[in-house]
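Here are the chains, one letter per residue:
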Amino acid sequence: MLSGDGLPFVFGALRTWVTPLWIVGVGALVAVVVLYALGFIVRLLSPKIAAIARVTAKEGMSQPLFFVLLAVGIFALIIFPFVSYNTFGEDVKMLKAEGLTLIKVLAVVLALWTASVSIADEIEGRTALTLLSKPVGRVQLLIGKFLGILIPVAVVFLVLGVIFLASVSYKVVYDARETANPEPSSAECFKEMVQVAPGLGLAFMEAVVLASISVAISTRLPMLPNLVICSAVYVLGHLIPTLVASLSGQFPLVVFVGRLLAAVLPGLEHFNMETGISTGQLVPLAYLAAAGLYCVLYSLAALLVALLLFEERDLA
């Protein structure tokens, strides 16, 4: 049982990590409003695209994998604060890095799976031909599918992001007993959450880029090759800077291949938050804006390739 002295300590610790969570609630509310606003704009500009996106999103969020990934993410993020990383006071940084990676990987898996099911399977099953027999163009179909794939991904980021930021705040309080700071303040919890919050945006951008690549591949290949290729793109996309740097002084052909890969594959390292986490620095708004522009441009390029591949695909 807790003693009379223990109860104030417990309630004080609870108040310390819960108090700064108001910013998480405000951020989640803003994200929901933005999603609804974007949906309203798409519905005004093109009701057909909005209808296809809505159906695709419902299909994506009704599949068992969506709930499995969501459950895995919630369980892991709840457990992470209680894990001891033995980093001599740097456990919070480890939690932030692992949490961001977990959310990003789960969202990417969902995006790739949904793209394969909603595009490749519909093409093979002649469902896409039925849709195109109505007054729906291939461009509308492809864009609607892409937007519909992003909606479940955004929901995963929204739900897991809230839990993740709450776990970061709690980790500061939980680890205080192992450091020389027995009574951490709400300001410290708030600072850790604010420092890692941009990482969620960067991770979402990376998921959008990989989703656009998956959409392009799904117009030609079924699920398994799609997953294999996108997994290779994910790995190589993070290794491109290291790969290019290590090729200096090598054979011209090897250097050419390395630079070709760097030009074609997405530079996913741009969406990495590891440096900011390790140094405890905030990600500048200019960097977020540049990363967002890169995400939009590369996704548009991938969708253009997807459209070219889809236009030449015989659906009959």
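Each helix and strand in the protein was counted, giving 12 helices and zero strands. Traced from its N-terminal end to its C-terminal end, the protein shows the element sequence α-α-α-α-α-α-α-α-α-α-α-α. For the protein, with 316 residues in total, the buried portion stands at 43%. Taking contacts inside the protein between residues at least 6 apart in sequence as the whole, the part at least 24 apart equals 84%. In the form shown here, the protein has an accessible surface area of approximately 16400 Å², with 75% of it arising from carbon and sulfur atoms.

What follows deals with the pattern of salt bridges. Within this structure, the stated rule accounts for two salt bridges. Lysine 96 serves as the salt-bridge partner of glutamate 192, at 2.7 Å between the closest nitrogen and oxygen. Placement of the pair is glutamate 192 in helix α8 (residues 186-218) and lysine 96 in helix α5 (residues 91-124), with a sequence separation of 96 residues. Glutamate 192 gets classed as partly exposed once you look at its relative accessible area, which sits at 23%. The buried category is assigned to lysine 96, whose relative accessible area is 2%.

Turning next to the packing of aromatic side chains. Any two aromatic rings considered together are summarised by their centre-to-centre distance and by the angle between their planes. Summed over the entire model, instances satisfying the criterion amount to five aromatic pairs. Ring centres of phenylalanine 66 and phenylalanine 67 lie 5.4 Å apart, and the angle between their planes is 85°; this geometry places the pair in the edge-to-face category. Under the relative-accessibility criterion, phenylalanine 66 is labelled buried at 4%. Residue phenylalanine 67 is classed as partly exposed on the basis of its relative accessible area, which comes to 49%. Their ring planes at 50° and their centres at 6.0 Å tell us that phenylalanine 271 and tyrosine 294 sit as a pair that is tilted. Taken together, the residues phenylalanine 271 in the loop between α10 (252-264) and α11 (274-279) and tyrosine 294 in helix α12 (residues 285-311) connect sequence positions 23 residues apart. On the basis of relative accessibility, which here comes to 2%, the residue phenylalanine 271 falls in the buried class.

Among the secondary structure elements, histidine 238 is positioned in helix α9 (residues 223-246). A relative accessible area of 15% means that histidine 238 is categorised as buried. Side-chain polar atoms of histidine 238 contact the side chain of glutamate 206, separated by 2.7 Å. Histidine 238 has contacts with Lys104, Glu206, Leu268 and Glu269, leaving out every residue within four places of it along the chain.

A word on the environment of leucine 224. Residue position: leucine 224 is located in helix α9. Each C-alpha atom, one on leucine 224 and one on tryptophan 113, is 9.5 Å from the other, the two residues being 111 residues apart in sequence.

Another aspect to go through is α12. Helix length check: α12, at 27 residues, gives a terminal C-alpha distance of 38 Å against a target of 39 Å (1.5 Å per residue), a fit within 8%. When α12 is considered as a whole, its buried residues turn out to be Leu288, Ala291, Gly292, Cys295, Tyr298, Ser299, Ala302, Leu303, Ala306 and Phe310.

Attention shifts here to the packing of helix α2 (residues 22-45) against helix α7 (residues 138-174). Running from amino to carboxyl end, α2 crosses α7 at an angle of 170°, the nearest separation of the two axes being 10 Å. Viewed along their axes, α2 and α7 adopt a mutual orientation that is roughly antiparallel. Two secondary-structure elements touch here, α2 through Val24, Ala28, Ala31, Val32, Leu35 and Val42 and α7 through Leu147, Ala154, Leu158, Val162 and Leu165. Looking at the contact of α2 with α7, its residues break down into 11 nonpolar, no polar and no charged.

Let's shift gears to the packing of α8 against α12. Where α8 meets α12, the axes come as close as 8 Å, and the angle between the chain directions of the two elements is 10°. The angle between the axes of α8 and α12 places the two elements in the roughly parallel class. Taken together, the residues of α12 that come into contact with α8 (itself represented by Pro198, Leu202, Met205, Val208, Val209, Ser212, Ile213, Val215 and Ala216) are Tyr287, Leu288, Ala291, Gly292, Cys295, Tyr298, Ser299, Ala302, Leu303, Ala306 and Leu309. Among the residues making up the contact of α8 with α12, the classes are represented as 17 nonpolar, three polar and no charged.

Our focus in this paragraph is the confidence of the model for the protein. For the protein, mean pLDDT is 81; residues scoring 70 or higher make up 81% of the total. The element-level mean pLDDT for the protein is lowest in helix α1 (residues 6-18), coming to 56, with helix α4 (residues 64-79) highest at 93.

If you look at the biggest cluster of nonpolar residues, it comprises 69 residues, and the most contacted ones within it are Phe164, Ile213, Val215 and Phe271. If you list the elements that add at least two residues to this core, you get α4, α5, α7, α8, α9 and α12. Counting residues per element, this core draws most heavily on α8, which supplies 16 residues. Once residues within four sequence positions are removed from consideration, valine 215 is found in contact with Ala115, Ile119, Leu142, Phe146, Ile149, Leu303 and Ala306.

The next point concerns the environment of glutamate 311. Tracing the backbone through its elements, the reader meets glutamate 311 in helix α12. Under the relative-accessibility criterion, glutamate 311 is labelled partly exposed at 44%. Taking the C-alpha atoms as reference points, glutamate 311 and arginine 138, 173 residues apart in sequence, are found 7.1 Å from one another. Among residues more than four places away in sequence, those in contact with glutamate 311 are Arg138 and Val139.

Rules used in this analysis
- Residues numbered from 1 in each chain as written.
- Predicted model: local features only at pLDDT ≥ 70, side-chain atom pairs only at ≥ 80, totals over all residues.
- Heavy atoms only, no water.
- Helix = DSSP H or I, 4+ residues; strand = E, 2+ residues; numbered from the N terminus.
- Buried < 20%, exposed > 50% of the residue type's maximum accessible area, 1.4 Å probe, protein only.
- Contact = heavy atoms within 4.5 Å.
- Areas by Shrake-Rupley, 256 points an atom, 1.4 Å probe, with all protein chains shown as cover.
- Salt bridge = Lys/Arg side-chain N within 4 Å of Asp/Glu carboxyl O.
- Phe/Tyr/Trp six-rings, centres within 6.5 Å; stacked < 30°, edge-to-face > 60°.
- Polar contact = N/O pair within 3.5 Å; in protein donor to acceptor, adjacent residues only side chain to side chain.
- Expected span 1.5 Å × (residues − 1).
- Axes fitted to C-alpha atoms, helices over the stretch in contact; angles between N-to-C directions.
- Parallel < 35°, antiparallel > 145°, perpendicular 65-115°, else oblique.
- Nonpolar A, V, L, I, M, F, W, Y, C, P; charged D, E, K, R; others polar.
- pLDDT = per-residue confidence, 0-100.
- Core = buried A, V, L, I, M, F, W, Y, C linked by side-chain atoms within 4.5 Å.

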